[in-house]
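Observations on the model geometry
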Amino acid sequence: MTAIRPEIMPRHNSKAGEALVEENLLTASQLDDVLEEQDESGQYLGEIIVENGYAPAEEVYQQIAEQVAVPYADLDSVPIDVSLLPLVPAKLARKFTLMPLYVEDDVLYVAVSDHLDIDALDTVAGNTGYHVEPMLAPPSEISRVIDEYYTDAGNIEEDMEILAEEQTGEEGTEGEEPSEAELEVEASDTPVVRYVNLLIQQAIDKRASDVHIEPHDKGISVRLRIDGVLHYTTPPPKKMFSGIVTRIKILSGLDIGERRIPQDGRFRLEGSQIDVRVSTLPTIYGEKVVMRLLDKSKLMLSMKELGFQPKNQQIYEEALRQPQGIILVTGPTGSGKTTTLYSGLGNMNRDDRNIVTTEDPVEYELEGINQVQVKSKVGLTFAASLRSILRQDPDVIMVGEIRDLETAQMAVRAALTGHLVLSTLHTNNAIATVTRLVDMGVKSFLLGSCLSVVMAQRLVRQICPACKASYDVPPEMRQELDLPDDGEYYHGEGCDQCNDTGYQGREALFEILNIDQEISRLITEEAGEDQIREAARRKGFSTLRERGINKIKQGITTPEEILTNTVGTGDEGTDQAENCDDGQEPERPLISGAAVPAKEADRGSEAPNPSVAERIWWMRAKLDLTQKELADKVGVSSSTVGSWERGRTNPRRDNLRKLRRIMDDIETPTEAST
Ligand SMILES: [Zn+2]
C-alpha cells in the first residue's frame, strides 16, 4: 500500500507543504526535511510533520485538507451515525484507521488520514455498498473515535453477521474431498480464523457452556447452550464450514485428514483460565463440532455459591473429612453433579491425601489430583480403572459414575477397606438411590455400613434480574406446588440481557440424606423408601421439590422451572401418576440399559416419560412381581410392561389409572413390606 504513495504524492508536488510554510506552521528547512523523509519512507506528508512534532496535528490536517480540496472532519463536532458501525467492522476500521461518519444522498463520508488510500476507501465501499467520499482528520483523532465508538463486546454479533454476509456468494465445490493441504489453507483464511475467534468470544460473553456447530442439508446452524438451554446464533455461510471445522481441529490438536471417525481434543484459550474441550462427530452432512467451555476460575465454587444451606454444607464437609465411606451425588445429566464433587475435592487438603479419579470424560484438569480417563473401547472401564486405582494406595477415589453392579460393588469394597469414595448415579432422588443400589444387587448390610451421605441435585434457572416482574401463577400450577393463593410470585418477562428467556444464571437445589445410625440401620434392614424418608424428615430432611418451592417463594425462580425439574413425592400430597402426563420434560431413563425413548409408538401426542418408567419398575420391584404378573394385573401383555419400563412407551390413561390403584396399595402403610 505504501509503495504506491510516492507516485500519487510525488516529492515536488508539495503545494500542501508550501502552504504550511506560508501559514507559518512549518519552516522552509523543516519542509525540506519532511520531503526528504517522504522520499525515503513513502509516508504521508501530514504524518511525517506530526510525527516530528513540527506542528499540531489538527492544524496540519486542516491545511492539507484545504490544499487538496478534501473536506476536513472535526471529529468533535461532525455527526457520527452509529447505525453505520455494523456496516464497517471494528477490525476494518482499525486496520485502515478510518471512521464511518454519516450518509448523505447515498454517499458515505468516511474520516481518513490519507484521502488517497484507495485500498481503504475501496474496502469500505465494497463492504457497505455506498459510494464513499473521504474526509481528512489526523490519525490520532480517528483512532480516538474508533476506540470510543467500537466497544468490542457490543459489536461481536454485528461483526459476525457482516462476516457471514461478506463470505456468502459462490458455494464451495461439493462432493469433492479436499486434500489435507487444501484444508489447511482454508483454515488459515482470515475470515475463518476471525469467525472462530468471534464465536468463542461471543460464547464467553453470553456465559455459554457449549457451542454446537452443525451441518445440515441447507447450511450450517450454530447454537449456544446458555443456562442449560440451546439458543441459535448467527451461522456462517456454508462455504466456510470445512475451514471452520479444520481451524478448530488444528487448535485442539486433532487429525484434520480424518473426517470419518469421532475425535476428541482440547485447547486452552490464550491468556485465560478457559479450556475448550472439542469433540467431533461425523454426521451424514459432515462433521458436527461441539466445543465445551470449561472455566477453571469458576469451578472451585464455594459450597455456599453452589447453593448449599449451612446445615447441608456441614453434612457434606463432615463426610469429606472422614477417612472412609461413600458420598453419592445423584441427578440427571447436566444437573451439576460433577461440579459438586470437584468442589468437594478442591476443598480437600491435597498434600497429605492421594486423590485419584476415574472419569468419562475428564472435564477439568485439576492440580494435585491424578485423573484417569475411562476408555471403554480398550477395556479401561470404570470398574477396571477402579481396580487399578486401588493398587495405587489411594486415600480418596472419585468414580465418575456408577453404572453397573461391578462398579457399585467395588466402590463399596473400597469404602469398607478404608477409602473415601465419591461418585454419581443417575437416580431421581436421594432415597431412591439407596433402593436402586440394593436392587442392582449391592448387599444392603454392606451399603448400610459404608454410605455416608447421598445428595440429589438439580440446577434450576434463576429469574433474570433485569426483567423480573410479579405475575399470576395459573391455579392448577399453584395447586400442584401447594403455593398459597395470596403469595406473590415472579418470573422474567424477557429482555436483551437474557436473550428473551426471562432467566439468567442457575442455582443448585439439594436434597441431602445424611446416613446416621438410624438410617444406616433402616438401610441394612431393607426398610422401604417411605420409612427412610419419615426417619430423615424427623431430622430436617426436605425434598428437592420442597427446596424448589422455597426458591419460588423467595422470588429466585419460577413455578414452571420447579415443576419441570423436580417431582413431588407422595407425602407432599401430589399425585405421582397424575404428574406422569403433564408434559414434563422427560428425565434421563433411570433403569440400567434403558435407552432414550426411541419411538413415540401409539401413544399419541404424549411424549414417553422415563420417570414413569422408573416408577413402574420401582413398583414392580416393591411388589416383587414379574413383568408377566404385573401385566396380568393391568390387563396388557408383558412386552408392553417391558416397553414401559424401558421408557419406550408410556401407559395409556386408563392403564395409568390401574397402575395408580396398584401403587396406592403399596403406598398406604399396610405393614406388608418387610
Ligand atoms: Zn431479562
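Above this text you will find the structure in question.
For strand β15 (residues 451-463), a buried count of 11 out of 13 residues is recorded, marking the element as mostly surrounded by other parts of the structure. Where strand β10 (residues 325-330) meets β15, 5 bridges bridge the pair, whose relative direction is parallel. Along β15, the bridge assignment pairs Thr 330 with Ala 456.

Applying the stated criterion across every chain yields a total of 23 salt bridges. The partner of Asp 275 in a salt bridge is Arg 266, with the nearest N and O atoms 3.6 Å apart. In this structure, Glu 401 and Arg 403 form a salt bridge, with 3.2 Å as the shortest nitrogen-oxygen distance.

In space, the 7 strands of this open sheet follow the order β12-β11-β13-β14-β10-β15-β18, with mixed pairing throughout. Two strands lie at the open edges of the sheet, namely β12 (370-373) and β18 (503-514), each paired on one side alone. Geometrically, the sheet is characterised by an average inter-axis angle of 20° between neighbouring strands, direction not taken into account. Inspection of the sheet shows β15 paired to β18 by 10 bridges, in the antiparallel sense. Its bridge partner being in β18, Gln 457 is matched across the sheet by Phe 510. Packing of helix α24 (residues 544-553) onto the sheet brings it into contact with β15 and β18, and relative to β18 it is tilted by some 140°.

So, on to the sheet that holds strand β5 (residues 220-226). Strand order in this open sheet of 6 strands is β6-β5-β4-β9-β8-β7, and the pairing throughout is antiparallel. Every interior strand has two partners, whereas the edge strands, β6 (229-233) and β7 (263-268), have only one. Across the sheet, the mean angle from the axis of one strand to that of its neighbour is 20°, orientation sign disregarded. Pairing of strand β4 (residues 208-215) with strand β9 (residues 286-295) involves 4 bridges; the strand directions are antiparallel. From the neighbouring strand, Asp 210 faces β9, where its bridge partner is Arg 292.

Formed by 52 residues in total, the largest nonpolar core has its most connected members in Ile 326, Leu 447, Leu 451, Leu 513, Ile 519, Ile 523 and Ile 532. Per-element accounting of this core gives the leading share, 6 residues, to helix α18 (residues 405-416). With near-sequence residues (within four places) excluded, Leu 447 lies in contact with Val 412, Val 434, Leu 437, Val 438, Val 442 and Ile 523. With 31 residues, the next largest nonpolar core counts Ala 73, Met 99, Tyr 109 and Met 135 among its residues.

As a further point, take the packing of helix α11 (residues 190-205) against helix α12 (residues 241-251). With their axes 9 Å apart at the nearest point, α11 and α12 run at an angle of 65° to one another. By the angle between their axes, α11 is roughly perpendicular relative to α12. Two packed elements cross with a definite hand, and for α11 against α12 that hand is right-handed. In contact with Val 192, Val 193, Tyr 195 and Val 196 of α11, α12 contributes Gly 243, Ile 244, Arg 247, Ile 248 and Leu 251. Across the contact of α11 with α12, the residue classes break down as 7 nonpolar, 1 polar and 1 charged.

About the criteria used
Residues numbered from 1 in each chain as written. Predicted model: local features only at pLDDT ≥ 70, side-chain atom pairs only at ≥ 80, totals over all residues. Heavy atoms only, no water. Buried < 20%, exposed > 50% of the residue type's maximum accessible area, 1.4 Å probe, protein only. Helix = DSSP H or I, 4+ residues; strand = E, 2+ residues; numbered from the N terminus. Pairing = 2+ DSSP bridges. Salt bridge = Lys/Arg side-chain N within 4 Å of Asp/Glu carboxyl O. Axes fitted to C-alpha atoms, helices over the stretch in contact; angles between N-to-C directions. Contact = heavy atoms within 4.5 Å. Core = buried A, V, L, I, M, F, W, Y, C linked by side-chain atoms within 4.5 Å. Parallel < 35°, antiparallel > 145°, perpendicular 65-115°, else oblique. Left-handed = near helix turned anticlockwise from the far one by under 90°. Nonpolar A, V, L, I, M, F, W, Y, C, P; charged D, E, K, R; others polar.

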